[in-house]
Amino acid sequence: MSQALQLPIIDLSSTDRLSTANSIRQACMDHGFFYLVNHGVEEELRKEVFDLSKKFFLLPLEEKMKLAVKKHRGYTGLYDEKIDSSSAKADSREGFYIGPPAENHLNQWPFEEDLPSWRSTMEAYYKKVMSAGTKLISLIALALYLDEDFFQKLGALNEPLAFMGLFHYPGEVDSSKEEVYGASAHSDFGMITLLLTDGVPGLQVCSEKFKQPRVWEDVPSISGAFIVNIGDMMERCTNCLFRSTMHRVVATGEERYSVLLFINPSKECMVECLESCSSESCPPRYPPIRSLDYLEERIRAIALVSPESRALYPQIESST
């Protein structure tokens with residue numbers, strides 16, 4: 001059994017913004033992960049999202065396949081993804097992806113008669129979590145000694161490429177000797193990710209992703225709290241001051257559900273080292289790159305080495 005990691009708890013409703021920003025800074029430097037409480041997403045809405053998510057995944061496979069993923073939106077079946085190409089088997093989970101409202105015509109939805117209120121509930125949840133994420137990004141700006149509206153002025157949040165993912169991890173575990181993961185080891189591409197789980201364990205993080213052998217620690221759930229992690233683009237902007245931590249979901253033999261919002265900057269936003277994160281002795285480690293170009297570069301890399309993931313990761317540009 002892996003050791004449980006004790007993560008900081010960030011209160012989004014705190015009126016002491018500078019103290020909260022300092023706590024976020026320390027959390028992002030030490031772990032790249034933290035809990036977020038008092039985020040404004042009501043318990044009733046959270047419960048409804050999980051209830052409707054379960055109802056969708058209980059549909060017959062042929063019904064779910066009518067919404068098979070196109071342009072990173074829609075249903076992905078069990079073993080359709082393998083995020084870590086070195087993993088022996090594809091990931092043991094099924095998912096459903098919802099894209100940004102600005103491109104709502106590309107999203108796919110179950111029929112209203114099959115799942116009443118499904119679309120309106122998911123759209124309401126997306127909007128609420130995006131609002132919490134935007135407030136959090138303002139605090140992250142303060143944590144980087146920047147104006148709190150820095151990322152808004154930069155254009156990162158004009159039309160952010162934020163994707164919502166619903167995931168179902170089946171309880172049955174393959175009896176073969178090969179280790180099976182619900183989500184194989186990876187770091188997220190974007191700025192931040194906000195994760196809500198049903199409380200079933202399985203999430204693990206590896207604080208030192210470049211060291212071998214990797215040491216994995218369990219991340220327990222806190223009821224009602226989001227688990228937030230820093231993504232690769234934020235790590236890149238901060239010149240590796242903030243960590244984009246490697247993580248995975250292990251199969252526990254218990255059925256598990258989760259909901260995530262992956263917040264990426266707007267397509268045209270330039271991802272480059274922040275002035276507050278570089279100096280003569282610590283120059284920028286990465287050249288500037290457009291947000292969309294970075295995402296597509298990462299997506300191509302996964303598709304090349306993981307045939308299972310090619311349907312899920314088409315070029316985002318083709319969606320415009």
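I will try to describe carefully the structure that is included in this document. Just so you know, these numbers come straight off a predicted model, no measurement behind them.

1. Details of the packing of aromatic side chains
Logical step 1: Under the counting rule described, the total for this entry stands at 9 aromatic pairs.
Logical step 2: With centroids separated by 5.3 Å and ring planes inclined at 75°, the aromatic side chains of Phe-56 and Phe-57 adopt a geometry described as edge-to-face. Taken as a pair, Phe-56 and Phe-57 share a single burial class, namely buried.
Logical step 3: Where Tyr-97 meets Phe-167, the ring centres are 5.5 Å apart and the plane angle is 80°; that geometry is what we call edge-to-face.

2. Quick word on the nonpolar core
Logical step 1: Judged by nonpolar contacts, the single largest core of 71 residues is most densely connected at Trp-118, Tyr-125, Ile-140 and Phe-151.
Logical step 2: With 14 residues, helix H4 (residues 118-143) is the single largest residue contributor to this core.

3. Let's talk about the pattern of salt bridges
Opposite charge on two side chains makes pairing possible when the charged atoms of those side chains draw close.
Logical step 1: Counted according to the given criterion, the structure contains 14 salt bridges.
Logical step 2: Where Glu-208 meets Arg-243, a salt bridge forms, and the shortest distance between an N and an O atom there is 3.5 Å. Of the two residues, Glu-208 sits in the loop between strand E9 (203-206) and strand E10 (217-218) while Arg-243 sits in the loop between helix H6 (232-237) and strand E12 (246-250), which places them 35 residues apart along the sequence.
Logical step 3: Of the residues examined, Arg-243 reaches a relative accessible area of 24% and is grouped as partly exposed.
Logical step 4: Arg-298 is the salt-bridge partner of Asp-232, the closest N and O atoms lying 2.4 Å from each other. Note that Asp-232 is positioned in helix H6 and Arg-298 in helix H7 (residues 291-305), a separation of 66 residues in sequence.
Logical step 5: According to the relative accessible area criterion, Asp-232 is buried, its value standing at 7%.
Logical step 6: Looking at Arg-298, the relative accessible area reads 21%, which means it is partly exposed.

4. Some remarks on the state of the cysteines
Logical step 1: Summed over all chains, the structure comprises 0 disulfides.
Logical step 2: You can see Cys-28 has no disulfide; the closest cysteine sulfur is in Cys-277, sitting 11 Å from it.
Logical step 3: Free cysteine: Cys-277, not disulfide-bonded; nearest cysteine sulfur from Cys-273 at 5.9 Å.

5. Remarks on the sheet that holds strand E2 (residues 9-11)
Logical step 1: In spatial order, the strands read E2-E3-E11-E8-E13-E6-E5-E4; together these 8 strands make up an open sheet with mixed pairing. Of all strands in the sheet, those bounded by a partner on one side alone are E2 and strand E4 (74-76). Going from strand to strand, the sheet's axes swing by 25° on average, the running direction of each strand aside.
Logical step 2: One ladder, built from 6 bridges, connects strand E8 (residues 192-197) with strand E13 (residues 256-264); its direction is antiparallel. In the sheet register, Thr-197 faces E13, and the bridge partner there is Ser-258.
Logical step 3: Contacting E4, strand E5 (94-98), strand E6 (161-169), E8 and E13, helix H2 (residues 43-57) runs over the sheet at an angle of about 110° to E13.

The rules behind each value
- Residues numbered from 1 in each chain as written.
- Predicted model: local features only at pLDDT ≥ 70, side-chain atom pairs only at ≥ 80, totals over all residues.
- Heavy atoms only, no water.
- Phe/Tyr/Trp six-rings, centres within 6.5 Å; stacked < 30°, edge-to-face > 60°.
- Buried < 20%, exposed > 50% of the residue type's maximum accessible area, 1.4 Å probe, protein only.
- Core = buried A, V, L, I, M, F, W, Y, C linked by side-chain atoms within 4.5 Å.
- Helix = DSSP H or I, 4+ residues; strand = E, 2+ residues; numbered from the N terminus.
- Salt bridge = Lys/Arg side-chain N within 4 Å of Asp/Glu carboxyl O.
- Disulfide = S-S within 2.5 Å.
- Pairing = 2+ DSSP bridges.
- Axes fitted to C-alpha atoms, helices over the stretch in contact; angles between N-to-C directions.
- Contact = heavy atoms within 4.5 Å.

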